[in-house]
Every structure is written in C-alpha cells, then in structure tokens.
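# Observations on the model geometry
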2 protein chains.
Amino acid sequence: MNQIYASIITIGDELLIGQVIDTNSAWIAQQLNKTGIAVKHRVAVGDNKEDIVLALDEEQKLADIILITGGLGPTADDITKPLLCEYFGGTLVLHQPTLDFIIDLFEKKFKRPMSERNHKQAEVPDTCTVLMNERGTAPGMLFKKDNKIFVAMPGVPHEMKWIMEAHVLPYISKHYQTGFVEHKTLLTAGIGESFLADKIKDIEDSIPSHIKLAYLPNFGMVRLRLTAYGTDKQVLLNELNQYFNQLKDRVAEFLVADEDIALEAVVGNLLKESNQTVSTAESCTGGLIGHLISSIPGASAYFKGSIVSYSNEVKTNLLDVPKDTLYSFGAVSEQTVSQMAASVREKLNTDYAVAVSGIMGPEGGTVDKPVGTVWIAVADDKKVKTIQFNLPFDRQRNVQQTVINALNFLRKLIVENKCG
Amino acid sequence: MNQIYASIITIGDELLIGQVIDTNSAWIAQQLNKTGIAVKHRVAVGDNKEDIVLALDEEQKLADIILITGGLGPTADDITKPLLCEYFGGTLVLHQPTLDFIIDLFEKKFKRPMSERNHKQAEVPDTCTVLMNERGTAPGMLFKKDNKIFVAMPGVPHEMKWIMEAHVLPYISKHYQTGFVEHKTLLTAGIGESFLADKIKDIEDSIPSHIKLAYLPNFGMVRLRLTAYGTDKQVLLNELNQYFNQLKDRVAEFLVADEDIALEAVVGNLLKESNQTVSTAESCTGGLIGHLISSIPGASAYFKGSIVSYSNEVKTNLLDVPKDTLYSFGAVSEQTVSQMAASVREKLNTDYAVAVSGIMGPEGGTVDKPVGTVWIAVADDKKVKTIQFNLPFDRQRNVQQTVINALNFLRKLIVENKCG
C-alpha cells in the first residue's frame with residue numbers, strides 16, 4: 001500500500017503581506033493526518049494568475065490530493081474561479097441548488113437583498129463536482145485530472161471546515177485506501193529540550209524508522225510527539241504504545257499530560273474529577289487566564305469567574321489588598337498577589353484560586369522591578385503559595401508565558417492535594 | 001528598478017501535521033513589505049532532506065532572498081544544519097562567539113549545566129556569515145549563491161524576530177535598492193463584502209494597476225486595503241492618499257478606523273483622547289474582552305478591570321443581579337446584562353462599562369434560547385443600551401464574534417457621546 005500525499009495551496013495577497021495568519025492549513029493538516037493522508041507540502045501564493053497556475057502545476061507533481069483555500073469571495077480581488085475554469089477546461093454555468101441556497105440565506109438570515117456579485121457566486125465550472133457550502137455563499141469545487149483530485153474551497157475558516165467535514169473527508173475515506181497514521185503526545189513542563197533529549201536518548205535510539213519522534217517546545221513546555229505509519233492498525237498501535245509508555249515512565253517527574261491537550265484542559269479535567277472549583281484574580285493578564293479556563297466546553301462545572309484588578313483601586317476595593325501593602329511592597333509583590341488569591345477565592349466561594357501581577361512592558365519597569373517581573377499566587381482552603389518569575393520577552397509573550405506559568409502552578413497544587 | 005522578491009521556507013513536521021500554526025511567516029512578510037520587498041511565495045516542508053532540498057532549489061528560481069525558519073533546535077529531529085552545510089559546500093566549524101554566548105546563557109540565565117547538544121549548536125558551516133542570536137542557542141546563518149541570499153533562522157518566534165531585526169532587515173536595507181511599497185487600510189463594520197464592493201465600484205474601477213485594492217473580511221468587519229508599488233515615494237503617497245480619501249469618504253457611515261489597527265486599540269484611543277475609563281462584566285467570554293483591552297500598551301490609562309461572572313452565583317453576589325431576574329428572564333437576557341453593565345461601572349468607578357452574556361455552545365442551548373444567543377449591554381453615566389445577536393458558529397468563533405460585537409457596540413456609544 002502506498003502512502004497517499006496531499007498538498008495544501010492557500011491563495012491570497014493577505015497571506016503574503018502578513019495581514020492574516022494562516023490557521024486553515026494547520027486545521028486541514030490535522031484532519032488529513034487522522035485519515036492517514038500525509039501532508040507533503042504547503043504553499044501560499046498571491047492573488048496572481050501566474051503564481052496560482054505554477055502552484056497547481058508543481059503541487060500535482062508532489063501529491064495525490066491538492067486542497068486549495070481562498071480566492072473565492074464575492075469581490076473583485078478574487079480571480080481563482082475563472083482561472084480554475086480555464087485550468088481544468090469547461091465553462092462557467094449556473095449551479096441552481098447553490099443559487100437557491102444563497103437566495104434563501106439572504107432572505108432568512110442576512111435579511112437584506114443580495115447583490116449581483118452574490119448571484120455570480122452560484123456559477124461554477126461545468127467540469128467540477130460542486131461541494132455545497134451551507135455556511136456561506138461560495139461553493140466548494142472538486143476537479144479530477146490525471147488520477148489526482150483538486151478541491152477548491154473558500155478561505156473563510158468556518159466555511160472551509162464545513163466543506164471539509166461534509167464533503168472532502170468523506171470523499172477521501174471512500175476513494176482512497178490509506179494506511180494508518182497514529183500520533184501520541186506527551187506534554188512536559190520544567191525541563192529544557194536538550195535535557196529531555198539526553199534523558200531519553202537510549203529510548204529514542206531504539207525507535208524504528210517508521211515511528212518518528214519530534215520535540216515541540218512552546219512557552220517553557222515541551223511536547224514529545226511519536227508518529228507511526230503502517231498498514232495494520234493493531235500492530236501499529238501496540239508498537240507505538242510500547243515506546244510511548246517507555247517515554248512516559250522516563251519523563252514521569254516532568255509529565256503534565258499523556259495526550260495532546262491544552263494546559264487549561266488538564267487543569268479543567270483535574271477539577272472536574274474532584275468536583276472542585278476555581279476562580280482567578282488577574283492584573284497583568286487582564287482576564288486571559290479566566291478566558292482560557294472558560295474556553296473548554298463544560299467549564300461552567302468548575303469555573304466560577306474572575307476579578308480583573310488592572311488598577312490598584314480595584315485591587316483595594318474589590319480584592320481587599322490594603323493600601324499599605326500596595327504602598328510598601330507595590331502592586332507586583334508577593335504580598336499583593338497572596339491577598340488577591342485569598343480574596344478572590346473567598347469572594348467567589350471556590351476551592352482554588354490563582355492570582356497574577358506583573359510588569360509586562362514595554363513601559364513600567366524600574367531598577368528593582370524590571371519589565372518581566374511577575375508574581376503568581378495559588379490558594380486553597382489551607383494555604384497560599386507563591387512563585388516569582390523574571391521573563392525576558394516582549395509584552396505579548398510575557399503575558400502568554402505568565403498565563404502558562406500560572407496554570408501550571410495551579411495544576412501542581414491540585415495534583416499535590418490529590419496525592420495527599 | 002526591479003522589484004525584489006522574497007520567498008519564505010518554513011521547516012518542520014509539526015507544520016505538516018497541524019500541531020502548530022505558522023505565525024512566523026506572517027510576521028516576516030509584514031517586515032519585508034515595510035522595506036519594499038514583496039513576498040512571492042511561502043512554502044512549508046517537513047523535516048525531510050529531499051523536501052528541503054527541493055524547496056531550496058525551487059524558491060531560488062522565484063525569489064532573490066530566501067528566508068528559512070525552523071529545523072535548528074538542539075534535538076535529533078533537526079536535520080537542517082548539516083543539510084545546509086552540504087547544500088552550500090563547506091564543513092561545520094565551531095563559532096567561538098556563539099559558544100561563549102551559550103555558555104554564558106546557561107551559567108547566568110538558565111542556571112543549569114549545558115549539554116553536549118547545546119555545545120553542538122555553536123557549530124556552523126564555514127561558508128556562512130553567522131548572525132548572532134542573543135535570544136537563544138541556535139545562531140542564524142546567511143549564505144550567498146548566484147547573486148541570491150539564503151538566511152536560515154531558528155523557528156522559535158522571538159528568536160527569529162530578534163535575528164530579523166538585528167541582522168536580516170539591516171542587511172537587506174544596505175544591500176538592496178528596493179522600491180516603495182505602501183499599504184493603507186480602512187476598517188469597516190456593519191456592511192458585507194459584496195455591498196461594500198458595489199458601493200465603491202466606480203472608485204475601484206478608476207484605480208491604476210500599480211495600486212491594488214483588497215477586501216479582507218473578518219468577524220463581520222471588512223478591511224479595505226490599498227497597496228501601491230513605485231519608485232518615487234512622494235508621488236506614490238500622493239496618489240495612494242487620493243484614492244484612500246475617496247474610499248474613506250464613500251464608506252464613512254461604516255468606518256471604524258482609517259488605519260490597520262485592532263478594534264480594541266480604536267476603543268483605547270477614543271478613551272485616551274477623552275480621558276475616560278472602562279470596565280467589563282463578562283460571562284460567556286470569560287475575560288477575553290478585558291484581556292484584549294489590556295493587551296494594548298498603555299491600557300492602564302483607561303482600563304480599570306473586569307468582573308467575570310461565569311456562574312450565576314457571581315452575577316448575584318458581585319454584580320447585584322437579583323435572583324428574581326435570573327429566575328424570570330435567565331442569565332442570558334436583556335435584564336441581566338443591563339444590570340451587569342450598570343453594576344460593574346459603578347463598582348469599578350468607570351465612565352463606561354460593557355457587559356456580555358450568551359450561550360456559546362456546544363451545550364446549553366434551549367428552544368427559546370438556542371446556542372449563539374448573545375446579549376450585550378453598554379453603560380455610561382446616563383444610560384444603559386442593549387443589543388442582541390444570534391450567532392451561527394462554533395464555540396470558539398461565537399466567543400470571538402461576541403467580543404468584536406461588544407467592542408464595536410462600546411465604540412459606537414463613545415463616538416456618539418463625543419459627537420454630542
């Protein structure tokens with residue numbers, strides 16, 4: 001059985017001037033991998049005929065399935081549809097079901113008249129199979145050529161996702177005999193990539209070539225990912241689990257999770273298991289810790305809320321941080337975050353609380369407390385624990401690193417309490 | 001003067017299985033555009049010798065400058081450096097300044113011993129110019145071949161950015177005679193892409209070919225971006241401004257900003273100008289509105305904080321939403337968000353407040369209030385205004401759209417008050 005390869009072409013000047021970040025490719029790659037299709041190549045080109053044609057020419061040399069996103073909106077900067085029509089032969093014809101759908105969409109949902117441009121979106125090359133788009137006005141199109149398939153989809157993420165799930169992935173499962181690709185991931189914290197590599201060197205050296213190990217460092221955490229390729233699912237899984245368990249045992253003291261999961265989901269699962277709740281008191285993160293905790297479906301079972309005390313006035317009035325404490329030790333101090341954590345836990349009536357205060361930059365640093373100084377406190381019903389960091393990054397990254405550090409500090413306290 | 005083109009190659013299996021989203025390319029593209037370099041092509045390949053070599057071969061056909069990120073970490077999944085050494089000839093030699101820097105980094109900052117792997121990171125091909133990396137252990141490398149330059153940088157975003165700013169961009173400014181590329185952007189809200197296009201059709205048709213107009217829709221807002229290319233900066237700017245001002249006048253009633261700026265920055269600027277303050281009361285967004293407002297440097301001048309009332313208990317205890325109101329109308333109701341906005345404004349002592357409550361999914365919907373039902377309230381010292389939305393998306397997108405809608409509703413109230 002041969003490995004089936006895919007290429008992803010994203011079209012749009014906005015990708016080449018950096019106005020938008022391409023999140024579509026990562027999502028598409030994830031979905032394809034699950035079905036056993038390996039992504040060989042990803043390429044981004046501008047709204048430019050010559051470059052799009054070159055990409056179509058080149059990618060079919062590398063892959064069996066070419067997925068194209070972008071360039072199908074209603075406005076004049078979109079040149080992709082006529083180009084595809086020419087590239088695969090044929091002429092543009094009206095696709096009545098799409099037109100009916102668009103008319104209905106404007107009447108019932110948008111509640112405004114549709115324009116001539118929207119009408120034109122129902123035209124498709126007569127050489128394609130139309131993939132109905134029930135999330136927008138631009139239909140997907142599937143073309144076949146020389147035993148390869150080409151699928152063009154709009155670039156709007158939720159429309160593209162809908163077309164992939166409703167049409168493209170089922171089509172691939174039906175028409176391609178794919179092998180199995182399995183990923184397993186360990187999430188670690190508190191150990192650098194190099195030291196992790198030294199620690200597991202003998203295991204890594206023993207891993208056969210059809211299983212790949214990757215180190216994925218991010219914000220002080222490292223993901224270890226094993227990827228295995230094969231034809232017999234059960235054999236593959238047994239083999240993968242064998243190496244996965246060896247790695248898991250070896251990195252036990254740094255292990256955060258034995259799956260590819262966000263840290264806020266790890267914290268959420270721990271709280272759900274023990275029927276406990278959490279609240280946050282945030283200064284420099286402005287509410288991001290609470291937002292991340294609440295972003296997990298079902299978070300209402302364990303997340304009650306936050307007090308974001310960006311100003312000192314709010315720290316005093318809502319979190320009972322004494323003015324004396326702010327005056328003597330400052331807003332970014334062990335004393336202040338301890339009080340913030342204790343107060344929010346009490347006022348929101350939760351089992352745990354986490355509090356942060358720091359100087360994220362670019363302004364606000366002093367000699368004693370330079371930009372990057374962060375205090376974090378976690379509280380339960382018996383104690384408050386604190387930790388301090390000096391982060392070396394820019395404002396945005398300092399905030400993100402603070403959130404990770406705070407969630408991990410909270411996670412450790414919960415685990416500690418569970419293990420007695 | 002010829003246009004100088006760049007290509008960006010990103011290396012890493014993690015990009016092809018979708019485990020990480022490539023943010024580096026967008027940032028690099030932005031920086032290059034500012035210097036007048038156009039990005040022609042972006043390509044992502046796996047940690048695979050053959051594919052990397054193919055990308056190097058192909059991209060130099062398309063571009064003058066080839067920027068490569070990724071594949072330079074300390075662990076064994078990194079094959080890029082030996083490959084580059086072979087591709088450009090030469091042998092790996094120790095780069096003493098890099099080694100000294102790494103030793104110092106481990107001694108003073110990481111405070112732990114360095115490993116043999118980190119030592120190896122100081123080895124570079126003797127055919128490259130080393131670009132010192134003061135943010136990490138992997139140095140950048142610049143190669144020249146057939147009048148093209150190739151720059152390899154680590155994939156860690158803050159390290160890559162540092163090398164770009166310290167070395168690559170200054171090198172480009174010095175060695176390339178670039179033309180000018182100027183972008184100007186209008187941010188609109190409340191009008192669809194198609195209608196916007198109809199509204200400005202005559203202006204669009206009159207724009208000369210060296211100025212491009214792009215429509216960039218995102219979360220119910222559309223950015224209109226003009227990009228102009230030319231050799232005489234002043235002529236170019238005059239011309240660009242002429243079309244920009246025409247467009248600006250035409251879309252005035254939908255205009256949010258006449259620059260490429262985030263909505264939270266628009267709100268922040270309005271508040272700063274009038275010396276006013278804001279607070280948020282958030283349920284379904286979990287703190288994201290406050291976080292975004294606070295993410296703008298200098299936000300402490302106008303943002304005091306938030307009360308995140310994810311649970312009804314917090315809505316009652318901290319935001320004085322009567323239990324009767326919750327019982328009779330529900331947490332997602334005009335009555336509840338009105339009270340949330342009024343209370344947080346009063347308790348945090350701010351000029352404005354914004355409050356949101358909604359059902360984001362996938363669970364929690366009812367017949368009367370399906371998933372996507374959202375109420376938003378904004379308050380000033382005289383009144384509370386409300387608005388309701390029915391969003392059709394998944395949890396994550398519903399949250400993001402709610403945040404945009406809330407910030408825009410707040411923006412309108414502030415503008416309304418300013419204009420009397």
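Calculation notes
Residues numbered from 1 in each chain as written. Chains lettered and ligands numbered in written order. Predicted model: local features only at pLDDT ≥ 70, side-chain atom pairs only at ≥ 80, totals over all residues. Helix = DSSP H or I, 4+ residues; strand = E, 2+ residues; numbered from the N terminus. Buried ≥ 20, exposed ≤ 12 C-beta atoms within 10 Å, placed from the backbone. Contact = placed C-beta atoms within 7 Å. Domains from an automatic or database assignment. Pairing = 2+ DSSP bridges. Right-handed = clockwise from strand over helix to strand, strands pointing away. Axes fitted to C-alpha atoms, helices over the stretch in contact; angles between N-to-C directions. Expected span 1.5 Å × (residues − 1). Arc of directions from axis to C-beta. Least-squares fit on C-alpha atoms with pLDDT ≥ 70 in both. Parallel < 35°, antiparallel > 145°, perpendicular 65-115°, else oblique. Left-handed = near helix turned anticlockwise from the far one by under 90°. Nonpolar A, V, L, I, M, F, W, Y, C, P; charged D, E, K, R; others polar. Core = buried A, V, L, I, M, F, W, Y, C linked by C-beta atoms within 7 Å.

This paragraph deals with the overall build of chain A. On a plain count of helices and strands, chain A comes out with 16 helices and 17 strands. Seen through its C-alpha atoms, chain A measures out along the principal axes to roughly 75 × 60 × 40 Å. For chain A, the proportion of its 420 residues judged to be buried stands at 50%. At a minimum sequence separation of 6, the contacts of chain A that also span at least 24 residues come to 65%.

The domain boundaries assigned to chain A delineate domain 1 (5-175), domain 2 (180-257) and domain 3 (263-419). Computed from C-alpha atoms alone, the centre-to-centre distance between domain 1 of chain A and domain 3 of chain A is 44 Å.

Moving on, we get to helix α4 (residues 80-87) of chain A. All names here are of chain A. Turning to α4, its buried residues are T80, K81, L83, L84 and C85. In this fold, the buried residues of α4 make contact with β1 (5-11), α3 (49-62), β4 (92-94), β5 (123-125), β7 (140-145) and β8 (148-153). Just beyond α4, the residue with positive phi is G89, at close to 75 degrees.

This part is about the environment of N241 of chain B. Residue and element names in this part refer to chain B. Position of N241 relative to the elements: it lies in helix α10 (residues 233-250). What makes N241 partly exposed here is the crowd of 15 C-beta atoms within 10 Å. Expressed as a C-alpha distance, the spacing of N241 and L226, which sit 15 residues apart in the sequence, is 9.5 Å.

As a further point, take the interface of chain B and chain A. Facing the 77 residues of chain B at the interface are 76 residues of chain A. Sheet topology places strand β14 (residues 303-309) of chain A next to strand β14 (residues 303-309) of chain B; five bridges connect them, and they run antiparallel. Residue pairing across strands places G305 of chain A opposite S309 of chain B, the latter belonging to β14 of chain B.

Now for the pairing of β14 of chain A. Residue and element names in this part refer to chain A. Taken across its seven residues, β14 has seven buried, putting it largely inside the fold. In this structure, strand β13 (residues 278-282) lies alongside β14, joined through five bridges in parallel fashion. For E282, the partnering residue across the bridge sits in β14 and is V308. Taken together, β13, helix α12 (residues 288-294) and β14 form a β-α-β motif whose crossover is right-handed.

Okay, the sheet that holds strand β10 (residues 211-218) of chain B next. Residues and elements named next belong to chain B. The antiparallel open sheet is built from four strands, whose spatial order is β10-β11-β9-β12. Each edge of the open sheet carries a strand with a single partner, namely β10 and β12 (255-257). Each neighbouring strand pair of the sheet contributes to a mean axis angle of 30 degrees, computed without reference to strand direction. Bridge count for β10 against strand β11 (residues 221-230) is eight bridges, and the pairing is antiparallel. Along β11, the bridge assignment pairs L216 with R223.

Residues and elements named next belong to chain A. The end-to-end C-alpha distance of α3, which contains 14 residues, comes to 21 Å, matching closely the 20 Å that a straight helix rising 1.5 Å per residue would cover. Of all the residues in α3, the buried ones are I52, A55, L56 and E59. Down the axis, α3 shows its buried residues gathered within 100 degrees of arc, on one side only. Those residues of α3 that are exposed and angled more than 90 degrees off the buried face are E50, D57 and K61. Buried residues along α3 sit against β1, β2 (38-45), β3 (65-69) and α4.

Between the two copies of this chain, the relationship is a rotation about some axis together with a displacement along it. Superposition record for chain B on chain A: RMSD 0.1 Å, screw rotation 180 degrees, translation along axis 0.0 Å. Between the two chains, the operation in question is that of a two-fold axis. Residue by residue, 97% of the interface of chain B is reproduced at the interface of chain A, so both copies engage with the same surface.

All names here are of chain A. Here the amide bond leading from G361 into P362 is cis, since omega sits at -5 degrees, within 30 degrees of zero. Along the chain, P362 turns up in the loop between β15 (352-358) and β16 (373-379). Its identity as a non-glycine residue notwithstanding, N147 has a phi of 70 degrees, on the positive side. Checked against the element boundaries, N147 lands in the loop between β7 and β8. N147 sits in the exposed class, given 7 other C-beta atoms within 10 Å.

Residue and element names in this part refer to chain A. Residue placement: Q396 occurs in helix α16 (residues 395-419). Of the residues examined, Q396 has 14 C-beta atoms within 10 Å and is grouped as partly exposed. Residues Q396 and D198, 198 residues apart in the sequence, show an inter-C-alpha distance of 31 Å.

Attention now moves to the packing of helix α11 (residues 263-273) of chain A against α16 of chain A. The relative placement of two packed helices is expressed as an angle between their axes plus a distance between the axes. Residue and element names in this part refer to chain A. Where α11 meets α16, the axes come as close as 10 Å, and the angle between the chain directions of the two elements is 25 degrees. Classed by the angle they form, the pair α11 and α16 counts as roughly parallel. Crossing of α11 over α16 shows left-handed handedness. On α16, the residues that touch L263, E264, V266, V267, L270 and L271 of α11 are I404, L407, N408, L410, R411, I414 and V415. For the contact of α11 with α16, the per-class residue count stands at ten nonpolar, one polar and two charged.

Moving on, we come to the nonpolar core. Soluble, globular proteins show a tendency: their nonpolar side chains are buried together. Membership of the largest hydrophobic core comes to 139 residues, with the highest contact counts inside it found for A341 and A355 of chain A together with A341 and A355 of chain B. Not counting residues within four places of it along the chain, the set of residues in contact with A355 of chain B comprises A281, V337, M340, A341, V344 and A377 of chain B. The next biggest cluster of nonpolar side chains, apart from the first, holds 96 residues, and it includes V124, C128 and A138 of chain A together with A152 of chain B.

The subject of this paragraph is the sheet that holds strand β13 (residues 278-282) of chain B. Spatially, the ten strands line up as an open sheet ordered β17(A)-β16(A)-β15(A)-β13(A)-β14(A)-β14(B)-β13(B)-β15(B)-β16(B)-β17(B), and their pairing is mixed. The two strands at the open ends of the sheet, each matched to only one other strand, are β17 (384-390) of chain A together with β17 (384-390) of chain B. Mean inter-strand twist for the sheet, computed between neighbouring axes without regard to direction, equals 15 degrees. As paired strands, strand β15 (residues 352-358) of chain B and strand β16 (residues 373-379) of chain B are joined by six bridges and run antiparallel to one another. The residue of β16 of chain B that forms the bridge with V356 of chain B is I376 of chain B.

Turning to the packing of helix α2 (residues 24-34) of chain A against helix α7 (residues 157-175) of chain A, a few remarks are in order. Residue and element names in this part refer to chain A. As a packed pair, α2 and α7 sit with axes 11 Å apart at the nearest point and diverge in direction by 20 degrees. Between α2 and α7, the crossing angle belongs to the class labelled roughly parallel. Both α2 and α7 take part in a crossing whose hand is right-handed. Residues N24, W27, I28 and Q31 of α2 touch α7, and the partners they reach there are P157, M160, K161, M164 and L169. Here the residues of the contact of α2 with α7 are counted per class, giving six nonpolar, two polar and one charged.

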